[in-house]
Amino acid sequence: DDFVKVKYSKKWIFIILGVVVAVLLLLFMTPRKQGESISPRGVYRVEYYYVPLAQKLIYHQMKMPMTVRLYEVKTGRLISESAVVDLWLNGSIYWYLEPPVNNIMVGNDVIFENIPRECQDCPRLTLEQMAK
């Protein structure tokens, strides 16, 4: 009877350890969302993500290593994702969605190029709307 109790408790210890390891791996490998910005006319969404702890070890020289993702709001489709960049004091967003530029810039390091206009017949964006 004591043999069954010992065997049973070892089984639970391994299950609990497995769950703890899985949770730690998930935390170690999953980026965390920091925030988002919506384009002036609500067509595009830029999301900011802290890199996972595993990548933070690789980019230890950066104060704020992050990736930036661009989505289409209506469909939720991911359009593009940046490489890892340091957004420490470098995260201002500029919505240049008027021809001939058609870019979205985040800081000095992230540029999403050739982005379609938000609408065809709408008035031009003001400088304040572009640097939101």
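Report follows, based on the coordinates. Just so it is clear, the model here is predicted, and its values are computed rather than measured.

**A short note on the nonpolar core**
Ranked by size, the top nonpolar core spans 16 residues in total, and within it Val46, Tyr48, Val68, Ile104 and Val106 carry the most contacts. Going through the elements one at a time, strand 2 (44-50), strand 3 (65-72), strand 6 (93-96), strand 7 (103-106) and strand 8 (110-112) are the ones with two or more residues in this core. Excluding anything up to four places from it in sequence, Val68 contacts Val46, Glu47, Tyr48, Ser80, Glu81, Ser82, Leu87, Val106, Val110 and Phe112.

**As for the pattern of salt bridges**
According to the stated counting rule, one finds 9 salt bridges in the structure shown. One salt bridge in this structure joins Glu36 and Lys33, with 2.8 Å as the shortest N-O distance. Residues Glu72 and Arg77 are paired through a salt bridge, measuring 3.8 Å at the closest nitrogen-oxygen approach. Accessibility expressed as a relative area gives 47% for Arg77, which makes it partly exposed. Taken together, the shared-partner salt bridges connect Lys33, Glu36, Arg45 and Glu47 into one network.

**Some remarks on the sheet that holds strand 8**
With antiparallel pairing, 3 strands are arranged side by side in an open sheet as 6-7-8. At either end of the open sheet lies a strand with only one pairing partner, and these are strand 6 and strand 8. The average angle at which neighbouring strand axes cross in this sheet is 10 degrees, direction not considered. In this structure, strand 6 lies alongside strand 7, joined through 4 bridges in antiparallel fashion. Bridge pairing links Trp95 to Ile104 in strand 7.

**Brief notes about the packing of aromatic side chains**
Counting across every chain of the model gives 1 aromatic pair. Taken together, a centroid distance of 6.0 Å and an interplanar angle of 5 degrees make the contact between Tyr94 and Tyr96 stacked. Over the ring of Tyr49 we find Arg69, and its NZ or CZ is 4.0 Å from the ring centre.

**What about the pairing of strand 3?**
Within strand 3, 7 of the 8 residues are buried, leaving the element largely enclosed by the surrounding structure. Taken together, the 7 bridges between strand 2 and strand 3 define a ladder with antiparallel strand orientation. Directly across from Val46, in strand 3, lies its bridge partner Leu70. Sheet analysis places strand 3 next to strand 5 (residues 85-86), joined by 2 bridges and oriented antiparallel. The partner of Pro65 across the bridge, within strand 5, is Asp86. Pairing analysis gives 3 bridges linking strand 3 to strand 4 (residues 78-81), with the strands arranged antiparallel. Its bridge partner being in strand 4, Arg69 is matched across the sheet by Glu81. Linking strand 3 back to strand 4 in an antiparallel pair, the connection comprises 5 residues, with Gly76 at a positive phi of about 75 degrees.

Each value, and the rule that gives it
Residues numbered from 1 in each chain as written. Predicted model: local features only at pLDDT ≥ 70, side-chain atom pairs only at ≥ 80, totals over all residues. Heavy atoms only, no water. Core = buried A, V, L, I, M, F, W, Y, C linked by side-chain atoms within 4.5 Å. Buried < 20%, exposed > 50% of the residue type's maximum accessible area, 1.4 Å probe, protein only. Helix = DSSP H or I, 4+ residues; strand = E, 2+ residues; numbered from the N terminus. Contact = heavy atoms within 4.5 Å. Salt bridge = Lys/Arg side-chain N within 4 Å of Asp/Glu carboxyl O. Pairing = 2+ DSSP bridges. Axes fitted to C-alpha atoms, helices over the stretch in contact; angles between N-to-C directions. Phe/Tyr/Trp six-rings, centres within 6.5 Å; stacked < 30°, edge-to-face > 60°. Lys NZ or Arg CZ within 6 Å of the ring centre and 35° of its normal.

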